[in-house]
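# Examination of the molecular architecture
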Amino acid sequence: MRLIIMDNADKVSEWAAKYVAKRIKHFNPGPDRYFVLGLPTGGTPLGMYQYLIQYYRAGDISFKYVKTFNMDEYVGIPRDHVESYHYYMMTNFFTHVDIDPNNAHILDGNAVDLHAECMNYERLIEEAGGVHLFIGGIGPDGHIAFNEPGSSLASKTRVKTLARETLEANARFFDNDIEKVPKRALTVGVGTVMNAETVMILITGSHKAFALHKAIEEGVNHMWTVSAFQQHPKTIILCDEDATLELKVKTVKYFKALGAVHEKLIEDNSDS
Amino acid sequence: MNIVTKYFNCNILKDGQILAHDLWVVDGRIENPEIIFYDNKKIPDIEIDCLGSLITPGFIDLQINGAFGVDFTYHNGDGLDIVRKGLLKYGVTGFCPTIVSTTSSNYHEILPKFKRCRGDEQGAAVLGAHVEGPFISGLKHGAHSLSNIKTLENSNLIDTYGSLDNIQIVTLAPELNGSMEVIKLLSNNGIVVSLGHTSSNMETSIQAVKNGATFITHLFNAMLSFHHRDPGLIGLIACPPTVEKPLFFGIIADGTHTHPAALKIAHKVNPEGLVLVTDALSAIGLPDGIHHLGDEQIEVKNSKAYIANTNTLCGSVTSLDECMRYFIEATNCSVAEAIETVTLHPAQVLGIQQFKGTLNYGADADFVFLGPKLNVQSTWINGQCVFEHNSGAGYIVKKTT
């Protein structure tokens, strides 16, 4: 595992975007060779998308031969609802770059057969040749995508009923009315993300500090689902200083000492 | 689905707010990118970098007597195309050519020439004629010739106008005998009744609104002054009667016809009903110098029109975009509020807000690119650029098919 500590959230966004750009360019995608990205939503990755749009506009990267798979989507809210992840991706990323809409995949929370939708999603990922780089964020309780505490660490894409705590946390996005918060979501499983070639998890803010501690300084535990990535061969955890508040000084010092090595990961001519 | 154009790097006025949003246009209409992306699975064929411009809906002028030397009332109805084309540089994409009180024979001759037409590269849309008179008060005739003013008792609508087909707005005085029936008849036929050139008190004005009037012609001008015991027609803007349709009022913000304090009062009292109109004369858009307009000789000096060789102002020559900028200066209102007085509100008066006056999905792609000083950089109709200012159009095409 690599733990990359940046000064602040903006630097995290910039580094993440540079890494994505670097990986896509290094892969040298083409009509018969698509780079496959797994994508998150939420506040943490927003800055990364903005940098990526900037790089696209400057002509640095293209998403023409990139396929994307989003992590999750609510069940039963209209696609154009401002809180839907379809809306988020369209507004914050897809319509600002040159990705082919046929290659941008998001789980359909309004599918008639939700189970079939999930099975089909796994199949699509498989057909795309697997995910090269899965990017994720986490919740303060250490959940990745909608894999809430107690989720199987071998889980695949499926329907999840959301915990009361999550509904309460999300009520602010739905007129502070918990009744309006979708009770279920479709989400990729921890196992789905584990299958990706590289996993990059963005963690910013002191409210996520305890989750980061649980993720990397204690054992693998399904109550902190992000801890599963301790067993992934290629995980990058990218955080800001605030998120390190609960870590041991030793942990922080060790990884900070590797700063020069980490910078190489986003240099144009280096191997990833 | 045909050509998809994306306008990016712009701020747009939508739902009363100025937001950094892209605008997507398909086949001359503003469309929802969500549907284009997820359902139609299309990417833009053309991408336009708007260089940070403010995109607003195209401006709409509900009262304009002529421009560029053309007078709608006195030039046999000719020259409409000159005005259509010329108004584009002021950001105007739709207008109601306005005819002042004239003779029946003149109405019969000229009204058939003011057919509604869509906007295109030839010019702004003609949204129907505004007949200001002749059923107005002899006490408040303003610049209208007294000899042309009529009562509803000795003439009827059809004898006077010929046909109502091309008429979109009728300005009349509600105190005339028989006016309530006429107001009902016109509004039931989809014609906007505007109250103006009137000595009407508040009570009669309220009755007129209850019978279907929805607009007031150039507030403060050619009506009774505000009186605190009978506020007259002006009083309506403070307490419009509760009826289905909201009440709007036109106001001339040219810095001459309405004092800034009066603009401020109108804006504070009823910002949602306020519509800027130019009430412009044919001299608008003419260079400085002596011009012949009808029988009159007029002189344009420093963008103001005077009766030649005098200091007597002879009507407004201020363009709608200039009125909008002046309105902000005079009232301190927000840019968004000011823009709505020349876009959404006039569209609502005409009941065409589904297609004009907004940048909502489904609306016609008529818009204006404004620069940092709210200067018109370019004007677009149905997604086509129809005017570019020579100092910069405010955009560059980034990608074409």
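Residues numbered from 1 in each chain as written. Chains lettered and ligands numbered in written order. Predicted model: local features only at pLDDT ≥ 70, side-chain atom pairs only at ≥ 80, totals over all residues. Heavy atoms only, no water.

Going by an unreviewed UniProt entry, chain B carries the name N-acetylglucosamine-6-phosphate deacetylase and comes from Acyrthosiphon pisum. What the UniProt record of chain B gives under Sequence similarities (unreviewed entry) is the line "Belongs to the metallo-dependent hydrolases superfamily. NagA family." (UniProt positions renumbered as here; feature names shortened; annotations may be inferred.)

Per an unreviewed UniProt entry, the recorded name for chain A is Glucosamine-6-phosphate isomerase, and the organism is Acyrthosiphon pisum. Regarding chain A, the relevant UniProt record gives this comment under Pathway (unreviewed entry): "Nucleotide-sugar biosynthesis; UDP-N-acetyl-alpha-D-glucosamine biosynthesis; alpha-D-glucosamine 6-phosphate from D-fructose 6-phosphate: step 1/1." Under the heading Sequence similarities (unreviewed entry), UniProt records this for chain A: "Belongs to the glucosamine/galactosamine-6-phosphate isomerase family."

## Notes on the sheet that holds strand β4 (residues 72-74) of chain A
Strand pairing in a sheet relies on backbone hydrogen bonds, with the paired strands running either antiparallel or parallel. Residue and element names in this part refer to chain A. Read from one edge to the other, the open sheet built from 3 strands follows the order β4-β8-β7, with strand pairing classed as antiparallel. Pairing within the sheet leaves two strands with one partner each, and these edge strands are β4 and β7 (158-161). Along the sheet, successive strands turn relative to each other by an average axial angle of 25°, direction set aside. With 4 bridges joining them, β7 and strand β8 (residues 184-187) adopt antiparallel strand pairing. Along β8, the bridge assignment pairs T161 with R184. Across the sheet, helix α4 (residues 114-127) touches β7 and β8, and the angle it forms with β8 is around 20°. (Pairing = 2+ DSSP bridges. Helix = DSSP H or I, 4+ residues; strand = E, 2+ residues; numbered from the N terminus. Axes fitted to C-alpha atoms, helices over the stretch in contact; angles between N-to-C directions. Contact = heavy atoms within 4.5 Å.)

## With respect to the pattern of salt bridges
As enumerated under the stated definition, the model contains 18 salt bridges over all chains in all. E127(A) is the salt-bridge partner of R123(A), the closest N and O atoms lying 2.4 Å from each other. One end of the pair, R123(A), and the other, E127(A), are both in helix α4, 4 residues apart, so they sit about a helical turn from each other. The exposure class assigned to R123(A) is partly exposed, which follows from its relative accessible area of 41%. The class of E127(A) is exposed, set by a relative accessible area of 54%. Note that D78(B) and K113(B) form a salt bridge whose closest N and O atoms lie 3.5 Å from each other. With D78(B) in the loop between β10 (70-71) and α2 (80-86) and K113(B) in the loop between α3 (104-110) and β12 (125-126), this residue pair connects regions lying 35 residues apart in the sequence. For D78(B), a relative accessible area of 42% corresponds to the partly exposed category. A network of salt bridges, in which partner residues are shared, links R29(B), K356(B), D364(B) and D366(B). (Salt bridge = Lys/Arg side-chain N within 4 Å of Asp/Glu carboxyl O. Buried < 20%, exposed > 50% of the residue type's maximum accessible area, 1.4 Å probe, protein only.)

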